[in-house]
Each structure stands twice: as structure tokens, then as C-alpha cells.
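Listed below, chain by chain, are the residues.
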Amino acid sequence: MEKINQPLSIKIIYWFTNIIFWLFVLAGMVGIFFALGMITGLLDNLQLHVGVPVAVDVIEKGTLDLDFYSKYISVEFVEMIGSIHFIDTPLIIGRVYGGFIIIIILLIFLIMHELRMFIRNIYRGKYFDYFNINHLKRISYTLVVIWVFTAIYGYFQYFFIVQNLNFESLEFNMDVQTYPSILMVALFIWVLSHIFMKGLELENENELTI
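Keep in mind the model is a prediction, meaning the values are calculated, not measured.

About the thresholds
- Residues numbered from 1 in each chain as written.
- Predicted model: local features only at pLDDT ≥ 70, side-chain atom pairs only at ≥ 80, totals over all residues.
- Heavy atoms only, no water.
- Helix = DSSP H or I, 4+ residues; strand = E, 2+ residues; numbered from the N terminus.
- Buried < 20%, exposed > 50% of the residue type's maximum accessible area, 1.4 Å probe, protein only.
- Contact = heavy atoms within 4.5 Å.
- Areas by Shrake-Rupley, 256 points an atom, 1.4 Å probe, with all protein chains shown as cover.
- Polar contact = N/O pair within 3.5 Å; in protein donor to acceptor, adjacent residues only side chain to side chain.
- Salt bridge = Lys/Arg side-chain N within 4 Å of Asp/Glu carboxyl O.
- Axes fitted to C-alpha atoms, helices over the stretch in contact; angles between N-to-C directions.
- Parallel < 35°, antiparallel > 145°, perpendicular 65-115°, else oblique.
- Left-handed = near helix turned anticlockwise from the far one by under 90°.
- Nonpolar A, V, L, I, M, F, W, Y, C, P; charged D, E, K, R; others polar.
- Expected span 1.5 Å × (residues − 1).
- Patch = residues over 30% accessible without salt bridge, like charges linked within 9 Å, V, L, I, M, F, W, Y side chains within 5 Å.
- Phe/Tyr/Trp six-rings, centres within 6.5 Å; stacked < 30°, edge-to-face > 60°.

Undergrad: Before we go on, may I ask you to explain the overall build of the protein in this structure?
TA: Looking only at helices and strands, one finds four helices and five strands in the protein. Seen in sequence order, the protein has helices and strands lined up from the N terminus as α-β-β-β-β-α-α-β-α. For the protein, the residues scored as buried account for 34% of the 210 residues in total. A fraction of 78% describes how many contacts in the protein between residues 6 or more apart in sequence connect residues 24 or more apart. Total accessible area computed for the protein in this model is approximately 14200 Å², and 67% of it derives from carbon and sulfur atoms.

Now the structure itself:
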């Protein structure tokens, strides 16, 4: 097979994608082992920190002290996003979040794998190819699944965790983050797959004409 001399940019993207993929595989394996430890209760005295994708109304006033301004400026925290620290995490909480961790790692692994296969085909000079089209479609579909999963995770946090929290200076509202940017990226990649499909049709028509 004739070796294709690819531009430097494609070579860099190819090797960078491979390095990131294998680093993610290593980190993902560690994450899955950690999640399994949470699910089985093997991790003693687990101090779990989880992000809460729900807006928090903070009842807190303070001052802003600027070096170039001679007076204090009164300020007030009105909204923020934070994380919860479960002190000595109970087993039921560990199992729930351990399951979430495993699911998201597997979904991201699928995207990374499909992207790596797509870049490898490009590196080998296979641009308008059915395999590339399928790789792009699977990436877009998986991103949609991730978007749905993050929405489920966010509303789970709100209804089962946040609504049952009690703090004197905090109020929680219904502003759950669902990350619509993920859906936009999925739509863009899906459209890109159709562009590749059209390119493949034109390429086949050109070969038949010749």
C-alpha cells in the first residue's frame, strides 16, 4: 500500500488523539475501580465530593476592598454553583454516585474510541468513507445520550438531594443546568456526517464518470 504523506497538522492531531485516548483509558480504569469500591462499600470512610448542577441563592453580604479605591464597596452573593461534601458517605449514596460515574466513563470512552477511529482513517487518507460517516453518527448519537444523562443527573440531584438539604444561609432554586451546548455539538457532528455522505456520493459519481 502506498504511503500517504499527510500534512503536519493531521499528523499532530493523529498522535495527540492517540495520546489523549490512552490517557483517558488509564484514568477511566482508575475511575471505574474507584466507582466499584463505592458501590461495594470497600472504600472505608469515603469523603465524597460531588458537583451540584443546581443554582444556589446565597443569603450573604460582604464588602469589596480595592487598593485603588479608598472606600469599601458593599456586595452580596446572589447565586452560585457548588459541590457537596458527604462526610463519611453512606453506602446507598456511594452506590448511586458510583453508578453515575461508571455510566459517564463508558459513554465518554465510546466517543473517544469513535473519534480515534475517525482520525485514524483521515490519517490513512480515507476521507469520504462509509466508516467515517458511521463514526461521526455514533459520536453524535452518544453525545445526545450524554445530554439526556446529564439532564437526568441534574434533576436527580435536585429532587433527591438538594430539596432535602437544610442550611440557614442558602436557598436552592429550580435552575437545573442541562448543558444544551452538548446537544449543539451533537447536532453539528450529525450535520458533518451528512456532509461526508454527500462527498462520498460525489466521489462515487466521479469514479463512475471516469
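Structure's up, so let's keep going.
Undergrad: How do you make sense of the environment of W147 when you look at a structure like this?
TA: Tracing the backbone through its elements, the reader meets W147 in helix α3 (residues 130–161). Residues W147 and S181, spaced 34 residues apart in sequence, show a C-alpha to C-alpha distance of 8.8 Å. Those residues in contact with W147, other than ones at most four positions away along the chain, are T178, Y179, P180, I182 and L183. For W147, the side chain forms a polar contact with the main-chain oxygen of T178, separated by 3.1 Å.

Undergrad: What's the story with the pattern of salt bridges in this structure? I'm lost.
TA: Proximity of charged atoms lets side chains of opposite charge pair with each other. Scanning the entire structure with this criterion turns up one salt bridge. Two residues, E114 and R138, come together in a salt bridge whose shortest N-O distance is 3.0 Å. Taken as a pair, E114 in helix α2 (residues 91–123) and R138 in helix α3 lie far apart in primary sequence, 24 residues in all. Classification of R138 by relative accessible area gives partly exposed; the value is 37%.

Undergrad: For this particular structure, what's the right way to read the packing of helix α1 (residues 8–40) against α2?
TA: Helix-helix packing is characterised by the crossing angle of the two axes and by the distance between the axes. Interaxial distance between α1 and α2 falls to 9 Å at its minimum, and their mutual angle equals 165°. The angle between the axes of α1 and α2 places the two elements in the roughly antiparallel class. Like other packed secondary-structure pairs, α1 and α2 cross with a definite hand, here left-handed. Split by residue class, the contact of α1 with α2 holds 26 nonpolar, nine polar and four charged.

Undergrad: Would you explain α1 in this entry?
TA: Along an α-helix, a turn takes 3.6 residues, which lines up residues three or four apart on a common side. Between its first and last C-alpha, α1 extends 48 Å over 33 residues, near the 48 Å set by a 1.5 Å rise per residue. Listed in full, the buried residues belonging to α1 are I10, Y14, T17, N18, F21, F24, V25, G28, G31, A35, G37 and M38. One or two steps after α1, the chain reaches G41, where phi turns positive at roughly 80°.

Undergrad: Looking at this structure, I do not really get the packing of α2 against α3. What am I missing?
TA: Contact geometry for α2 and α3: axes closest at 9 Å, N-to-C directions at 160°. Here α3 runs roughly antiparallel to α2, going by the angle between their axes. Taken as a pair, α2 and α3 cross one another with a handedness that is left-handed. Partitioning the contact of α2 with α3 into residue classes produces 24 nonpolar, five polar and two charged.

Undergrad: Quick question: what am I supposed to make of a nonpolar patch on the surface here?
TA: On the surface, L8, I12, F16, I19, I20 and L23 cluster together to form a nonpolar patch covering roughly 620 Å² of accessible area. Residue placement: L23 occurs in helix α1. By relative accessible area, L23 is classed as exposed at 52%.

Undergrad: Help me understand the packing of aromatic side chains, please; the structure alone is not making it clear to me.
TA: For any pair of aromatic rings, the description consists of the separation of the ring centres together with the inter-plane angle of the planes. Using the criterion set out here, one finds 15 aromatic pairs in the structure. Between the aromatic rings of Y158 and F159, the centroid separation amounts to 5.1 Å while the plane-to-plane angle is 85°, which identifies the pairing as edge-to-face. Taken together, F86, Y97, F100, F149, Y153, F156 and F160 form an aromatic cluster joined through their ring pairs.

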